[in-house]
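What the coordinates show
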Amino acid sequence: MLLWLLAFVVVPSAILFVYSFCERDELGRVVFSFTWENYQRVFDPIYLRIFVRSIGYAALTTAICIVAGFPVAYFIGRAGEAWRNRLLLLVMVPFWTSFLIRTYAWITILKQEGLLNAVLQSLPFGLGPWDLLYTPTAVVIGLVYAYLPFMILPIYGSVEKLDGALIEAAHDLGAGPLRVFPAVILPLTLPGIAAGTLLVFVPAIAMFAITDLMGGARVPLIGNVIQNQFLQARDWPFGAALGVVFMALFAATYWALLRFRAREDSIG
Amino acid sequence: MSYSTQLRFVAGALLALAAPVAARAAGDLNLFGWSEYVPQTVIDGFTKATGIKVNFETYSSNEELISKLVAGGGRYDLVQPSDYAAEVMIRQKLLAPLDKTKLANLKNLSADFTGRPHDPAGAFTVPYMAGSVGIVVNTEKVKVPVTSYREVFQAQFQNRIVVLNDNREIVSWALKSLGLPINTITADSLAKARPVVANWVKLVKVFDSDSPKTALLNGDVDLGIVWSGEAAILWNQHKKFRYVIPAEGAHQFIDVLAIPANAKNKAAAHQFINYILRPEVSKLISAAFPYTNPNAEARKLLRADELANPASYPKEGKLETFRDIGRMASDIDRLVTDLKSAK
């Protein structure tokens, strides 16, 4: 485990950290001379604005995933033993196909002359065609689709462990469904929701393929900016600096989340 | 699910994504080329003719090629940079000089594509295919003539435009439309281009370098500025897609074959270049990827409709290749990123 951590976490992060203080030559090769320049650029208003926007997209994605994923996870978790595994399998099935192919499938659905608009226009309500593909809406649809399973699975884990007797007890004591949910079910599944939030929010913030393919690359998110430094701008040190700041941000969020949970535990 | 099982789940998913690394034998040819550019039939034909197995890896930008080449050591025997990337690779001594005695088929090339500024003596590079970046219009949807960059970026075409997702391209079009040079970029010329690019990016619906034809075929946009090869494929699908070289002048690219200085199998690399230069082989490349074929003998073998494709063989237009601009690439990236995120 220690070796694993060293090879896949510590060493790459250390390389990133060292590169972020380096300069580059005309070919984009990293030159080992110390500079703060990359970090000065990170805090340029341009990139800060993109940071904030990326956080917004990721937060919206996470919120929708919670709202859409919780009922699914709850239903699966409360289903009979025999059904549970089959339903879980359904959640996992999309992973059997390449993520990019599934994204292209969404393009087929959302495009101007696509599946969704064809259905809308065949209905008698005079709807459509909607301009969906290459809009921010399409990006959010893509993000929610990509990360929904990562929300469902941990919540399912919490729901499965949820003791039915507690819910019955609450009912016996006179609490209706509207009372039971916030007072009993939600607090007991909170660890699952927190884990799901982490699994969805963190990768969603850095995603670049969906913004390119479904958003038409019109509005850059931080993942696109970082990708550009490596593939277009020949500026690895700046890309590394963005990556380091990004990691620091996550570490801080994670730490805050842990603190929050520790406090919950001590109170609860 | 506890945290540790979740971690294991994620780790397992990541491991499953890691691709297996193919085994390489000593006599093989390690070819590193553009994606969607070298037909499999040509590679198979080479193996059949020479008995040399080809390990083919792909990249999708010159910058990716350069960074892998400077980082990866002697893993590749043959690479396929564009003109300006080859220029900087020659200057940095990353390429090996060609042994022209082993390239008898060099005589098949048209003089239009050799002796160009990136390699004036042709000592390091051999043209593979060439092309341009121009305007493509769906003439069923757009009834007015569109023949210049300024005519593409009009308010009436808002949200109906696709352009390459390539920051240097976009800035070059703005510079062309201002009559400024595209290969000596200064802080001053970028400042002049800034308001032009700012207006343009607001009108664009899709930025896509990999397959800009898709948005046009799907009907999501009606016009755009794309690679000529993409426009040629559109023309082959439907004659409503018309390609023109912008009146202000266009970017021409010449993609070349070159041998890295530290290549292990230079002999096989020469054999491959000479094989590609055979007219009947070069013809296959044109059929699969209808860019401009620099091989004069191969062009004689093309069908009349292939030669009549206005995107593959434009009749007229001012064309100019890119030169290396070094560190300005990152200023351009910053400019376009800023303008894209401002809207």
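Remarks on the pattern of salt bridges
All chains considered together, the criterion is met by 25 salt bridges over all chains. The residue Asp-235 of chain A makes a salt bridge to Arg-41 of chain A at a minimum N-O spacing of 3.0 Å. Highlighted residues: Asp-235 of chain A in the loop between α11 (222–231) and α12 (236–267) and Arg-41 of chain A in helix α2 (residues 37–42), separated in sequence by 194 residues. Exposure remark for Asp-235 of chain A: the relative accessible area of 2% places this residue in the buried category. Because the salt bridges share partners, they merge into one network encompassing Arg-234 of chain A together with Glu-63, Arg-91 and Asp-324 of chain B.

Describing unusual backbone geometry
With phi around 50 degrees, Arg-234 of chain A is a residue other than glycine that occupies positive phi space. Tracing the backbone through its elements, the reader meets Arg-234 of chain A in the loop between α11 and α12. Accessibility expressed as a relative area gives 5% for Arg-234 of chain A, which makes it buried. Of note, Lys-93 of chain B is a non-glycine position whose phi angle comes to about 60 degrees, a positive value. Look at Lys-93 of chain B and you get exposed, because its relative accessible area is 68%.

Regarding the interface of chain A and chain B
Taken together, the contact between chain A and chain B spans 42 residues of the former and 44 residues of the latter. For the chain A and chain B pair, buried surface summed over both sides reaches about 4,200 Å², with 50% attributable to carbon and sulfur atoms. The largest share of the area that chain A buries against chain B comes from Glu-26, Arg-218 and Arg-234 of chain A, three residues that together contribute 16% of it. At the surface where chain A touches chain B, the tally comes to five salt bridges. Its salt-bridge partner being Asp-131 of chain A, residue Lys-205 of chain B comes within 2.6 Å of it at the nearest N-O pair. Applying the counting criterion to the chain A and chain B interface returns 20 residue pairs in polar contact (both at pLDDT 80 or more). Listing elements by their share of the side of chain A that touches chain B, those giving two or more residues are α3 (45–78), α7 (136–161), α9 (177–206), α11 and α12 of chain A.

A short note on the side chain of Arg-24 of chain A
Note that Arg-24 of chain A resides in strand β1 (residues 23–24). Apart from the residues lying within four places of it in its own chain, the contact partners of Arg-24 of chain A are Arg-29, Val-30, Val-31, Ala-233, Arg-234, Asp-235 and Pro-237 of chain A together with Arg-327 and Ser-330 of chain B.

Here we look at the packing of aromatic side chains
The way to describe two aromatic rings as a pair is by their centre distance and the angle between their planes. All names here are of chain B. By the definition in use, this model includes 28 aromatic pairs over all chains. When the centroid spacing of 5.7 Å and the interplanar angle of 85 degrees are considered together, the rings of Trp-227 and Phe-253 count as edge-to-face. Linking Trp-227 in strand β7 (residues 223–227) with Phe-253 in strand β9 (residues 250–258), this pair joins segments that are 26 residues apart in sequence. Take Trp-227 and Phe-253: they sit in the same class, and that class is buried. Both rings, one in Phe-253 and one in Tyr-291, keep their centres 5.9 Å apart while their planes meet at 70 degrees; by these two values the pair is edge-to-face. Of the two residues, Phe-253 sits in strand β9 while Tyr-291 sits in the loop between α11 (279–288) and α12 (296–299), which places them 38 residues apart along the sequence.

Topic: the domain arrangement of chain B
All names here are of chain B. According to the domain assignment, chain B contains domain 1 (3–130 + 254–307) and domain 2 (131–252 + 316–342). Taking only C-alpha atoms, the centre of domain 1 and the centre of domain 2 are 26 Å apart. At the interface, 13 residues of domain 1 touch 14 residues of domain 2. Buried surface at the junction of domain 1 and domain 2, summed over both partners, amounts to about 1,200 Å²; 50% is from carbon and sulfur atoms.

Observations concerning the pairing of strand β4 (residues 125–138) of chain B
All names here are of chain B. With respect to burial, β4 is a largely interior element, 14 of its 14 residues being buried. Bridge analysis of β4 against β9 gives eight bridges, and the strand direction is antiparallel. Counterpart to Val-133 in the pairing with β9 is His-251. Summarising the sheet, β4 and β7 pair through five bridges and their orientation is antiparallel. Considered in β7, the bridge of Gly-134 is made with Val-226. Of the pairings in the sheet, the one linking β4 to strand β8 (residues 241–244) comprises four bridges and is antiparallel in character.

Reading the values: rules and limits
Residues numbered from 1 in each chain as written. Chains lettered and ligands numbered in written order. Predicted model: local features only at pLDDT ≥ 70, side-chain atom pairs only at ≥ 80, totals over all residues. Heavy atoms only, no water. Salt bridge = Lys/Arg side-chain N within 4 Å of Asp/Glu carboxyl O. Helix = DSSP H or I, 4+ residues; strand = E, 2+ residues; numbered from the N terminus. Buried < 20%, exposed > 50% of the residue type's maximum accessible area, 1.4 Å probe, protein only. Contact = heavy atoms within 4.5 Å. Buried area = accessible area lost by both parts, 1.4 Å probe. Polar contact = N/O pair within 3.5 Å; in protein donor to acceptor, adjacent residues only side chain to side chain. Phe/Tyr/Trp six-rings, centres within 6.5 Å; stacked < 30°, edge-to-face > 60°. Domains from an automatic or database assignment. Pairing = 2+ DSSP bridges.

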